[in-house]
Amino acid sequence: MTLIDQISALRSEIEHEIPTIDSADAAERFRLKHLVKKGTIQSCVEGLRMVPREEKPLVGKALNELRALAEGAFAHAQEQFGKRSSTPHLDLTLPPRGQRRGAVHPITQTVDKLVSIFSSMGFEVAEGPDVEDDTHNFGKLNFAADHPARDMQDTFFIDDEARADLLLRTHTSSVQVRVMENMKPPIRCIMPGRVYRNEAVSARSLAEFHQIEGLYIDKGVSMADLKGTIMAFARRFYDENAEFRFRTSYFPFTEPSCEIDMSCFLCKGDGCRICKHSGWLEICGAGMVHPNVLSACGIDPNEYSGFAFGFGVERVVLMLTGIDDIRLLYDNDIRVLSQF
Ligand code: DAH
């Protein structure tokens, strides 16, 4: 087909279309089809290059007339129907996208739950500073001056020439000291908080994590009170039929000291992934507050005794959720967090 034939075919197509333009949208469709750079008319203009020289005036004239016709029809339609509205078409029947709801982080959820159980048992919440001094983090907790926990490898020290004893607390036991310094027995406190250790970050450990500390000081408090409290707590929090195991251990600030294990709430002791096939889960470190600690904090060890315990919150979250990489709790990946 020669260009002149193409133009006349296009002309009859356009003449045919013009009476069908009955809205602003139809006018816009007409413009997009014929009057834009990639439209039908412009593509004929491009074909003009191939037309023999002597035919060019004729073909050019036909094209100009066609363009004038199309432009005139479009302008007329615009006058008639107005410009196409710039508001996008609103389809009220589309299903809504829904709102994503935020949620409390699993670590905070766990702390809240632990605190609420201990509160119901008569413990009140106490807090202390993250930036501590050596005395509260170590000294008054009966750590010897050369105890390896004071080592650079475990403790982040604060770079402050005026206060060489400042550090980021390595455990929430520092809050015990502050509580005992400031309160008179009977003392029943639970102390949640963030702690810091100079450790390599891995699937099992972080340099910054959470602990909960418990402290009970009164006249005549014994190891039996410690056992009863921890067992009552764990039966409410984990598994009402849990069995327990108290293993002797060592902490400078308690004497005697123990670590408390509970039968695995998932496999009931048969062995599974959560308990690493041992049947037991470690719940916390604990013990009777060392008399040296009581005296250092202004409490007479001949009159009062007490117990303390402490555990890591992230470990509890891992046990309960089955997450096997502790770093997932800090990545803030919504796909992980939205599951809790
Ligand atoms: N402070 C200990 C730690 O960071 C945990 C702990 C153990 C706290 C025994 C206690 C306790 O109060 O009695 O590993």
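Bear in mind that the values here come from a model prediction, so they are computed numbers and not experimental data. (Residues numbered from 1 in each chain as written. Predicted model: local features only at pLDDT ≥ 70, side-chain atom pairs only at ≥ 80, totals over all residues. Heavy atoms only, no water.)

**With respect to the overall build of the protein chain**
Counting its regular elements, the protein chain contains eleven helices and nine strands. A compact globule built from 340 residues should have a C-alpha radius of gyration of about 20 Å, whereas the protein chain, at 39 Å, is more than 25% larger. With respect to the three principal axes, the spread of C-alpha positions in the protein chain is 120 × 55 × 40 Å. In the protein chain, buried positions account for 42% of the 340 residues. Counting contacts in the protein chain only where the partners sit at least 6 residues apart, residues at least 24 apart contribute 67% of the total. When the accessible area of the protein chain is evaluated, it comes to approximately 19300 Å², of which 51% is carbon and sulfur surface. Distance between charge centres in the protein chain, computed from 39 positive and 49 negative side chains, equals 6 Å. (Helix = DSSP H or I, 4+ residues; strand = E, 2+ residues; numbered from the N terminus. Rg over C-alpha atoms; globule rule 2.2 N^0.38 Å. Buried < 20%, exposed > 50% of the residue type's maximum accessible area, 1.4 Å probe, protein only. Contact = heavy atoms within 4.5 Å. Areas by Shrake-Rupley, 256 points an atom, 1.4 Å probe, with all protein chains shown as cover. Lys, Arg positive; Asp, Glu negative; His and termini not counted. Charge placed at Lys NZ, Arg CZ, Asp CG, Glu CD.)

**Describing the pattern of salt bridges**
A full pass over the atoms with the stated rule returns 18 salt bridges. A salt bridge links E208 to R194, with the nearest nitrogen and oxygen atoms 2.3 Å apart. Of this pair, E208 sits in strand β5 (residues 208-218) while R194 sits in strand β4 (residues 187-196), placing them 14 residues apart in sequence. Of the residues examined, E208 reaches a relative accessible area of 30% and is grouped as partly exposed. Ionic contacts of the salt-bridge type, sharing partners, join the residues R245, R247, D261 and E282 into one network. (Salt bridge = Lys/Arg side-chain N within 4 Å of Asp/Glu carboxyl O.)

**Here's the deal with unusual backbone geometry**
Look at the link from P185 to P186: it is a cis peptide, with omega at 0 degrees. Along the chain, P186 falls in the loop between α7 (173-182) and β4. For the bond running from E255 to P256, omega is -5 degrees, close enough to zero to count as cis. Locating P256 in the fold gives a position in strand β7 (residues 254-263). Phi is positive for H277, close to 65 degrees, though the residue is something other than glycine. Phi is positive for N332, close to 55 degrees, though the residue is something other than glycine. Turning to its location among the elements, N332 is positioned in the loop between α10 (313-321) and α11 (334-337). Judged by relative accessible area, which is 54%, N332 ranks as exposed.

**Concerning the domain arrangement of the protein chain**
Split by domain assignment, the protein chain resolves into domain 1 (3-81) and domain 2 (106-337). Taken over C-alpha atoms, the centre of domain 1 sits 82 Å from the centre of domain 2. (Domains from an automatic or database assignment.)

**What to know about the site of the ligand**
Lining the immediate environment of the ligand, one finds 15 residues, of which H171, S173, R197, Q211 and E213 sit closest. For the ligand, an oxygen atom lies 3.2 Å from a polar atom in the side chain of Q176. At a separation of 2.8 Å, an oxygen atom of the ligand approaches a polar side-chain atom of R197. Burial of the ligand by the protein chains amounts to 88% of its free accessible area of 350 Å². Those elements that place two or more of their residues in the shell around the ligand are α7, β5, β8 (280-289) and β9 (305-312). Grouping the amino acids of the shell around the ligand by side-chain chemistry returns five nonpolar, eight polar and two charged. (Near = heavy atom within 4 Å. Polar contact = N/O pair within 3.5 Å; in protein donor to acceptor, adjacent residues only side chain to side chain. Nonpolar A, V, L, I, M, F, W, Y, C, P; charged D, E, K, R; others polar.)

**Here's the deal with the packing of aromatic side chains**
Under the counting rule described, the total for this entry stands at 15 aromatic pairs. Between the aromatic rings of F138 and F143, the centroid separation amounts to 5.0 Å while the plane-to-plane angle is 75 degrees, which identifies the pairing as edge-to-face. By the burial criterion, F138 is buried, and F143 matches it. Between F251 and F253, the aromatic rings sit 5.7 Å apart at their centres with planes inclined by 25 degrees, giving stacked as the arrangement. Exposure remark for F251: the relative accessible area of 22% places this residue in the partly exposed category. The class for F253 is buried, based on a relative accessible area of 11%. The structure contains a cluster of three or more aromatic residues connected by ring pairs, namely F118, F123, Y216, F233, F237, Y238, F265, F307, F309 and F311. If you follow K227 out to its NZ or CZ, it ends over the ring of F246, 5.0 Å from the centre. (Phe/Tyr/Trp six-rings, centres within 6.5 Å; stacked < 30°, edge-to-face > 60°. Lys NZ or Arg CZ within 6 Å of the ring centre and 35° of its normal.)

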